[in-house]
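Okay, here's what each chain looks like letter by letter:
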Number of protein chains: 2
Amino acid sequence: MEKEISQAVIRRMPRYYRYLNELLEAGVERISSNELSARMHVTASQIRQDLNNFGGFGQQGYGYNVQYLHDEIGNILGLNTTHNVIVIGVGNLGQAIANYMNFEKFGFRIVGLFDVNPALEGKEIRGIPVKMLEELPEFAKENRIDIAALTIPKENAETTAVMLASLGVHAIWNFAHVDLDNVDNMIVENVHLSDSLMRLSYSIANGNDN
Amino acid sequence: MEKEISQAVIRRMPRYYRYLNELLEAGVERISSNELSARMHVTASQIRQDLNNFGGFGQQGYGYNVQYLHDEIGNILGLNTTHNVIVIGVGNLGQAIANYMNFEKFGFRIVGLFDVNPALEGKEIRGIPVKMLEELPEFAKENRIDIAALTIPKENAETTAVMLASLGVHAIWNFAHVDLDNVDNMIVENVHLSDSLMRLSYSIANGNDN
């Protein structure tokens with residue numbers, strides 16, 4: 001069933017999850033679709049429609065049970081399991097990712113840091129030492145790696161992606177400024193920061209403010 | 001006319017621009033929509049449709065003039081002007097943004113760095129010293145600020161956004177893990193990294209590989 005869900009709905013799910021997580025942390029147990037709608041600046045009807053894609057989770061007049069809805073959306077997003085993450089490229093961006101505690105809350109656990117710069121070898125971030133990239137094949141034999149975050153120059157991204165595939169790593173969180181469409185059997189989620197900045201520029205040029 | 005363009009088309013424009021920029025750098029002067037299509041993994045018909053939203057830029061049988069198409073898409077994206085950018089929050093992520101040379105190529109110029117941590121005061125990144133956030137009002141009087149990149153904890157994001165609006169800064173590139181929908185007259189482009197990681201998790205759970 002989940003295969004039929006549109007990309008637009010999927011794009012909105014993490015935002016729902018984020019808001020529900022905040023409600024949970026604030027001790028809110030139950031919320032009406034109108035209240036959730038007001039908080040999220042999405043129509044109540046949109047919320048109901050989105051959730052109906054997964055069978056719907058509310059009862060008319062009772063609103064949503066926050067914990068239940070949170071957990072169910074978590075399941076949909078595959079957050080009911082821990083993901084082991086390595087970071088390849090330990091510059092400022094790689095370090096920012098390795099340091100960001102919030103990802104851990106959602107089950108993403110940094111298990112390894114790799115770079116090609118010998119000056120970084122052994123440097124520890126949150127107790128994890130930076131290893132040289134040539135050590136990755138050995139590391140991959142001994143550790144389950146679910147996701148590789150790539151924060152490396154675009155020139156090296158495809159080669160690295162191919163190497164990862166050969167080591168049995170099949171998901172890349174890609175910050176390199178290149179699409180990795182050519183790597184077979186690889187799940188790629190791109191974070192193209194310059195694209196985002198250009199969309200901001202477009203909005204400025206066209207006055208799309210709040 | 002540009003007001004009528006759908007969000008989906010706008011989302012694809014930076015990617016076109018990025019590819020055309022690479023073609024330019026590789027010295028390619030002319031490209032058919034079929035070649036562009038093969039490179040970008042988008043159908044030629046999609047490319048033609050997208051570009052027709054802006055009047056179309058190709059001639060049947062002649063393909064696209066790369067420089068012309070690049071420049072026209074740049075104009076659409078508002079890249080025909082320089083944007084002065086400040087970074088608020090000079091941790092790893094803020095430093096990564098300040099250091100990233102590629103943004104400059106597209107006309108985004110870092111003009112100021114601000115933080116609340118006195119330990120960072122005066123530290124220079126690419127020749128720009130970190131100032132304390134309390135100096136921002138004075139700085140804003142003397143410098144044009146087009147965009148503020150917010151790489152600060154979510155707890156402080158809305159207050160900072162309101163302050164920015166009061167100083168005449170009306171565009172935020174938001175990395176804080178909170179939406180800033182409540183700030184009036186503010187253009188906001190969100191980069192929610194945890195949302196992106198959750199979409200990757202969804203793709204892993206549902207086997208959406210290349």
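Placed above this text is the structure.
Being a predicted model, the structure only gives us computed values, none of them experimental. (Residues numbered from 1 in each chain as written. Chains lettered and ligands numbered in written order. Predicted model: local features only at pLDDT ≥ 70, side-chain atom pairs only at ≥ 80, totals over all residues. Heavy atoms only, no water.)

(A) The arrangement of the environment of Glu35(B) in detail. Tracing the chain through its elements places Glu35(B) in helix H2 (residues 33-40). Considered as a pair, Glu35(B) and Leu113(B) are 78 residues apart in the sequence and their alpha carbons are 42 Å apart. (Helix = DSSP H or I, 4+ residues; strand = E, 2+ residues; numbered from the N terminus.)

(B) Representation of unusual backbone geometry. The backbone of His41(A) shows a phi angle near 55 degrees, a positive value even though the residue is not glycine. Inspection of the secondary structure assignment puts His41(A) in the loop between helix H2 (33-40) and helix H3 (44-52).

(C) Seen up close, the sheet that holds strand E3 (residues 83-88) of chain A. Residues and elements named next belong to chain A. Strand order in the open sheet made by the 7 strands is E5-E6-E4-E3-E7-E8-E9, with mixed pairing throughout. Edge positions in the sheet fall to strand E5 (124-125) and strand E9 (187-190), since each of these pairs with one other strand and no more. Across 2 bridges, the pairing between E5 and strand E6 (residues 128-132) is antiparallel. Residue pairing in the sheet places Glu 124 in a bridge with Pro 129 of E6. (Pairing = 2+ DSSP bridges.)

(D) View of the interface of chain B and chain A. Each side of the interface is counted separately: chain B has 65 residues, and chain A has 66 residues. Both sides together, the interface formed by chain B and chain A hides about 6200 Å², and carbon and sulfur atoms give 57% of it. Considering only the side of chain B, the residues that lose the most area to chain A are Met198(B), Tyr202(B) and Asn210(B), jointly responsible for 12% of the buried surface there. Our count for the contact surface shared by chain B and chain A stands at 12 salt bridges. Listing elements by their share of the side of chain B that touches chain A, those giving two or more residues are helix H1 (7-25), helix H5 (92-99), strand E8 (171-174), strand E9 (187-190) and helix H9 (193-206) of chain B. Among the residues forming the side of chain B that touches chain A, the class breakdown is 34 nonpolar, 17 polar and 14 charged. (Contact = heavy atoms within 4.5 Å. Buried area = accessible area lost by both parts, 1.4 Å probe. Salt bridge = Lys/Arg side-chain N within 4 Å of Asp/Glu carboxyl O. Nonpolar A, V, L, I, M, F, W, Y, C, P; charged D, E, K, R; others polar.)

(E) Region of interest: the packing of helix H5 (residues 92-99) of chain A against H5(B). Closest axis-to-axis distance for the H5(A)/H5(B) pair is 8 Å, and the angle between their directions is 160 degrees. In this view, H5(A) runs roughly antiparallel relative to H5(B), as classed from their interaxial angle. With respect to the hand of their crossing, H5(A) and H5(B) are arranged in left-handed fashion. Note on element contacts: H5(B) touches H5(A) through Asn92(B), Leu93(B), Gln95(B), Ala96(B) and Asn99(B), opposite Asn92(A), Leu93(A), Gln95(A), Ala96(A) and Asn99(A). Of the residues in the contact of H5(A) with H5(B), the class split is 4 nonpolar, 6 polar and no charged. (Axes fitted to C-alpha atoms, helices over the stretch in contact; angles between N-to-C directions. Parallel < 35°, antiparallel > 145°, perpendicular 65-115°, else oblique. Left-handed = near helix turned anticlockwise from the far one by under 90°.)

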